[in-house]
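# Architecture at a glance
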Amino acid sequence: MVIKRFMAPTMSLAVAMVKDEFGEDAVILSTGHIKKPGIFGWFLRRWVTVIAGVEPAEEQMAPATEPPAAEPELNPPPADPRRASPVSAEKMTQLTTHYLLEKLKQQDVAAHHLDNLRELLPERVAKVGESPKVLLQKLLAEQLPRFTPWQSLNRSLVVALVGPTGVGKTTTIIKLAARYGLEAGWPVGLITADTYRVAAAEQLRTTAEILGIPVEVVYSPAEVAGALAKLAGRRLILVDTAGRSHFTNEHMQELRDFIRALPEPLTYLTISAATRFHDLVQMMERFAAFVAVDGLIVTKLDETNIYGSIYNAARHLNKPVAFLTTGQNVPEDLEEADNLKIAGLLAGLVRERGN
Ligand SMILES: Nc1nc2c(ncn2[C@@H]2O[C@H](COP(=O)(O)OP(=O)(O)OP(=O)(O)O)[C@@H](O)[C@H]2O)c(=O)[nH]1
Ligand SMILES: [Mg+2]
């Protein structure tokens, strides 16, 4: 049996190296850890060592009548460092790239993005003296459009939330009203165009009263100007819209007319993090065909461990993610989006609360 020691930053890479050199018939004889191998500047504290063996081809093919081959040395002496597998930098880059792409695949990052990353990653992996996950995080963050925080826009803002039914538009509006109205001290006003469900406007009115924020209910686009006049001088006016089927043209035209009645609105498409990419693309295209989308709000991060849809959606629309919501609690379960955090979720470096 030919025995060799392999070293890699992770077990899966070490096993991949074993398979690559010895093939599928290789046997793992023992595993362990060593500290700081110090190549390529990787700063992982511990590397994995795998001692693996394989029968040479002749021995495998030897007829059964031949005397058995000498027992393989199951507990070989500590491997001589000079026998450590000489893995070329090129091979290491290839394996690391493969390992990172597999991680993103598990996160449901769309195949065409994986193809693009397959081209970009090797250069980063080969050059940058950082851990693979950190360099992946940085690359993904660079690719995401950047959100300009509302604080840095020195004007009154009219912000409308649109999106499919039940994604959390009204809940997010209340969180935003509390965050900017109560915590930041901005004069905030609310407009709701959700008169489709009888209880919806009433629900918003009750919560806004508790927060001490004025609410105007509009039944048609023609009423928007009057509502805006009543809320004149407010730094932030948040507009809630009804969630209706985006496959129905009539509903989408109604939504478009409401949005058109607003002066220079910032319109955020609100999506749930748990939506499948196929459904997400169809939905985003429907909304983008009727309203000019300025950014995304991604809700319900607490309901999934798969974050590819956030990246896929932002890249598909080429619009930034503005806010993330992480639960039903008002106002705490709301965060201004941070591309490094989103990329960290995808790279497996950041974990969302509750998961
Ligand atoms: N787990 C979780 N639930 C949320 C989150 N945001 C909202 N919800 C819940 O999702 C449900 C729907 O929320 P709404 O705010 O009414 O959703 P909507 O988009 O306004 O719904 P429609 O107006 O009917 O289209 C409620 O039960 C919310 O509490 C979140 O971040 N995480
Ligand atoms: Mg609603």
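Residues numbered from 1 in each chain as written. Chains lettered and ligands numbered in written order. Predicted model: local features only at pLDDT ≥ 70, side-chain atom pairs only at ≥ 80, totals over all residues. Heavy atoms only, no water.

### A few points about the overall build of the protein
A count of helices and strands for the protein gives twelve helices and eleven strands. Looking at the 355 residues of the protein, the share that counts as buried comes to 47%. A separation of at least 24 residues holds for 75% of the contacts in the protein among residues at least 6 apart in sequence. Just so you have it, the protein exposes about 17900 Å², and 51% of that area is on carbon and sulfur atoms. (Helix = DSSP H or I, 4+ residues; strand = E, 2+ residues; numbered from the N terminus. Buried < 20%, exposed > 50% of the residue type's maximum accessible area, 1.4 Å probe, protein only. Contact = heavy atoms within 4.5 Å. Areas by Shrake-Rupley, 256 points an atom, 1.4 Å probe, with all protein chains shown as cover.)

### Examining the nonpolar core
By size, the foremost hydrophobic cluster in this structure holds 72 residues, and its most contacted members are Leu121, Leu269 and Val321. Looking at this core element by element, the count peaks at six residues for helix α10 (residues 277-290). Residues contacting Leu269, with those up to four places away along its chain left out, are Val162, Gly163, Met283, Met284, Phe287, Val293, Gly295, Leu296, Ile297 and Leu317. By size, the runner-up hydrophobic cluster in this structure holds 27 residues, among which are Val159, Leu190, Val215 and Leu334. (Core = buried A, V, L, I, M, F, W, Y, C linked by side-chain atoms within 4.5 Å.)

### What to know about the packing of helix α3 (residues 89-106) against helix α5 (residues 132-143)
Here α3 crosses α5 at 60°, and the two axes come no closer than 11 Å. When the axes of α3 and α5 are compared, the pair comes out oblique. Once α3 is placed against α5, the crossing between them reads as right-handed. Residue-level inspection shows Thr96, Tyr99, Leu100, Lys103 and Leu104 of α3 in contact with α5, the latter providing Pro132, Lys133, Leu135, Leu136 and Leu140. Per-class residue counts for the contact of α3 with α5 are seven nonpolar, one polar and two charged. (Axes fitted to C-alpha atoms, helices over the stretch in contact; angles between N-to-C directions. Parallel < 35°, antiparallel > 145°, perpendicular 65-115°, else oblique. Left-handed = near helix turned anticlockwise from the far one by under 90°. Nonpolar A, V, L, I, M, F, W, Y, C, P; charged D, E, K, R; others polar.)

### What about the environment of Glu183?
Following the sequence through the fold, Glu183 ends up in helix α6 (residues 169-183). On the basis of relative accessible area, Glu183 is assigned to the exposed category, the value being 53%. In this structure, the C-alpha to C-alpha distance between Glu183 and Pro331, residues 148 residues apart in sequence, is 9.7 Å. When residues no more than four places from it in sequence are discounted, the contact partners of Glu183 are Ala178 and Pro331. Within the structure, Glu183 has its side chain in polar contact with the side chain of Arg179 (distance 3.2 Å). (Polar contact = N/O pair within 3.5 Å; in protein donor to acceptor, adjacent residues only side chain to side chain.)

### Remarks on the packing of helix α1 (residues 11-22) against α3
Running from N to C, α1 and α3 point in directions that differ by 125°, and their axes come no closer than 10 Å. Comparing the axis directions of α1 and α3 gives the class oblique. By crossing handedness, the relation of α1 to α3 is classed as right-handed. For the pair α1 and α3, contact is made by Ser12, Leu13, Ala16, Met17 and Asp20 and by Lys91, Leu95, Thr96 and Tyr99, respectively.

### Concerning the environment of Gly181
With respect to the helices and strands, the residue Gly181 is situated in helix α6. Residue classification places Gly181 among the buried residues on the basis of a relative accessible area of 16%. Distance in space between the C-alpha atoms of Gly181 and Leu211 is 8.3 Å, their sequence separation being 30 residues. Apart from the residues lying within four places of it in its own chain, the contact partners of Gly181 are Leu176, Trp186 and Val188.

### Let's talk about the site of ligand 1
Around ligand 1 there are 19 residues in total, and Lys169, Thr170, Thr171, Asp302 and Thr325 lie nearest to it. The contact in question runs from an oxygen atom of ligand 1 to an N or O atom on the backbone of Val167, over 3.2 Å. The separation between an oxygen atom of ligand 1 and a polar side-chain atom of Thr170 is 2.8 Å. Calculation on ligand 1 without its partners gives an accessible area of 650 Å², and the protein chains cover 82% of this total. The site holding ligand 1 turns out to be the largest pocket. If you tally residues by element for the shell around ligand 1, the top one is α6, at four residues. (Near = heavy atom within 4 Å. 1 Å grid on protein atoms, 1.4 Å probe; cavity = no way out; pocket = protein on both sides within 12 Å on 5 of 7 lines; lining within 4 Å. Sits in = over half its atoms within 2 Å of the grid points.)

### Some points on the sheet that holds strand β4 (residues 157-162)
Pairing is mixed across the open sheet formed by eight strands, whose spatial order is β6-β5-β7-β4-β8-β9-β10-β11. At either margin of the open sheet sits one strand with a lone partner, and together these are β6 (215-217) and β11 (334-336). Neighbouring strand axes in the sheet, compared pairwise and without regard to direction, differ in orientation by 20° on average. Pairing geometry for strand β5 (residues 188-192) and β6, over three bridges, is parallel. Opposite Leu190, over in β6, you have Val215 as the bridge partner. Together, β4 and β8 (266-272) form the strand contacts of α10, whose direction differs from that of β8 by roughly 160°. (Pairing = 2+ DSSP bridges.)

### Concerning the pattern of salt bridges
Summed over the entire model, instances satisfying the criterion amount to eleven salt bridges. As a salt-bridge pair, Glu216 and Lys230 come within 3.7 Å of each other at their nearest N and O atoms. Remark: Lys230 occurs in helix α8 (residues 224-230) and Glu216 occurs in strand β6; sequence separation between them is 14 residues. With relative accessibility at 17%, the residue Glu216 sits in the buried group. Taking the shortest distance from any N to any O, the salt bridge between Arg256 and Asp257 comes out at 3.7 Å. With relative accessibility at 23%, the residue Arg256 sits in the partly exposed group. (Salt bridge = Lys/Arg side-chain N within 4 Å of Asp/Glu carboxyl O.)

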